[in-house]
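# A closer look at the structure
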Amino acid sequence: MRDENKATRQEKIEQAAYAVLEAKGYAGASMLAIAKAAKASNETLYNWYGDKTGLFKALVLRNAEQVKQQLEEGLDGNARPLELLQALGPRLLALLVSPRAVQLNRAAAADPTGELGAVISERGRETVAPLIGKVMERARVEGDLVFDSTEEAVGLYLNLLVGDLQIRRVIGRAPPMEEAAITQRANQAFAHFMKLCAA
């Protein structure tokens, strides 16, 4: 019961953090303002997250957690690497163009310290990309893919999947995407990647 209560309170705090972020930007999103919006104590926030950077790290990590978990479970299990990569595409793209990801990236772009951008990079791409690389390396070992550089193969796949779509969402030049459009784009990206890298 205590864990459930903590999870519920954390969700409330994180929702408040997004609301304060949207209203005040990253610089103005103080722990005190978030605590007040969440009707929580400032002490609770510091105990759970350490500081503002820790709180926003937690937001970014939670945002990417499902994708990370899918990759880790696939690598630990018996999933075929290419099936795992294909199944990952729609989920990863949905994450990257989600309202929360757009909000975090807008805040990072407006943060002159670069602190939030560093957190997003560290907890986002720098966490997920190496896992995608492991999936691709396994596919290469199994004879399904051919590439020289894992980093370049991952970069190629992500460019095909995302391209400039996320930044266009961040600057308001692309509308929110429906699930069907996300799936279609992800499937096209996978098909193009296979044309270039299939054994």
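Below or above, wherever it landed, is the structure these notes cover. (Residues numbered from 1 in each chain as written. Predicted model: local features only at pLDDT ≥ 70, side-chain atom pairs only at ≥ 80, totals over all residues. Heavy atoms only, no water.)

### Quick notes on helix α4 (residues 52-76)
Between its terminal C-alpha atoms α4 stretches 33 Å, which fits the 36 Å expected from 25 residues at 1.5 Å a residue. Among the residues of α4, the N-terminal cap falls to Asp51, whose side-chain oxygen and the backbone nitrogen of Thr53 are separated by 3.3 Å. (Helix = DSSP H or I, 4+ residues; strand = E, 2+ residues; numbered from the N terminus. Expected span 1.5 Å × (residues − 1). Polar contact = N/O pair within 3.5 Å; in protein donor to acceptor, adjacent residues only side chain to side chain.)

### Description of the packing of aromatic side chains
Using the criterion set out here, one finds two aromatic pairs in the structure. A centroid spacing of 5.1 Å and a plane angle of 80° characterise the contact between Tyr26 and Phe56, whose relative ring orientation is edge-to-face. Separated by 30 residues along the polypeptide, Tyr26 in helix α1 (residues 2-28) and Phe56 in helix α4 bring together distant segments of the chain. Across this residue pair, the class does not change: Tyr26 and Phe56 are buried. Relative to Phe193, the ring of Tyr157 lies with its centre 5.7 Å away and its plane at 75°, an arrangement referred to as edge-to-face. (Phe/Tyr/Trp six-rings, centres within 6.5 Å; stacked < 30°, edge-to-face > 60°. Buried < 20%, exposed > 50% of the residue type's maximum accessible area, 1.4 Å probe, protein only.)

### A closer look at unusual backbone geometry
The phi angle at Lys39 is positive, at roughly 55°, despite the residue not being glycine. When you line up the elements, Lys39 lands in the loop between α2 (31-38) and α3 (42-49). On the accessibility criterion, Lys39 (71% relative accessible area) is exposed.

### Remarks on the environment of Ala109
Looking at where Ala109 falls in the secondary structure, it is placed in helix α6 (residues 99-110). Owing to a relative accessible area of 66%, Ala109 belongs among the exposed residues under this scheme. As a C-alpha pair, Ala109 and Val170 span 61 residues in sequence and 9.1 Å in three-dimensional space.

### A short note on the pattern of salt bridges
Enumeration according to the criterion identifies eight salt bridges in this entry. A salt bridge links Arg62 to Glu14, with the nearest nitrogen and oxygen atoms 2.6 Å apart. On the criterion of sequence distance, the pair formed by Arg62 in helix α4 and Glu14 in helix α1 is long-range, its members being 48 residues apart. Residue Glu72 is joined to Lys68 by a salt bridge in which the shortest nitrogen-to-oxygen separation is 3.1 Å. Within this pair, Glu72 and its partner Lys68 are both found in helix α4, separated by four residues, close to a single helical turn. Judged by its relative accessible area of 31%, Glu72 falls in the partly exposed class. Beyond isolated ion pairs, a larger network of salt bridges with shared partners links Lys57, Glu122 and Arg123. (Salt bridge = Lys/Arg side-chain N within 4 Å of Asp/Glu carboxyl O.)

### Comments concerning the packing of α4 against helix α5 (residues 81-96)
Their axes nearest at 9 Å, the elements α4 and α5 cross at an angle of 170°. Taken together, α4 and α5 sit at an angle that is classed as roughly antiparallel. Contacts between α4 and α5 involve Asn63, Ala64, Gln66, Val67, Gln70, Leu71, Gly74 and Leu75 from the former and Leu84, Ala87, Leu88, Arg91, Leu92 and Leu95 from the latter. Across the contact of α4 with α5, the residue classes break down as nine nonpolar, four polar and one charged. (Axes fitted to C-alpha atoms, helices over the stretch in contact; angles between N-to-C directions. Parallel < 35°, antiparallel > 145°, perpendicular 65-115°, else oblique. Contact = heavy atoms within 4.5 Å. Nonpolar A, V, L, I, M, F, W, Y, C, P; charged D, E, K, R; others polar.)

By themselves, these are just geometric observations and shouldn't be taken as functional.
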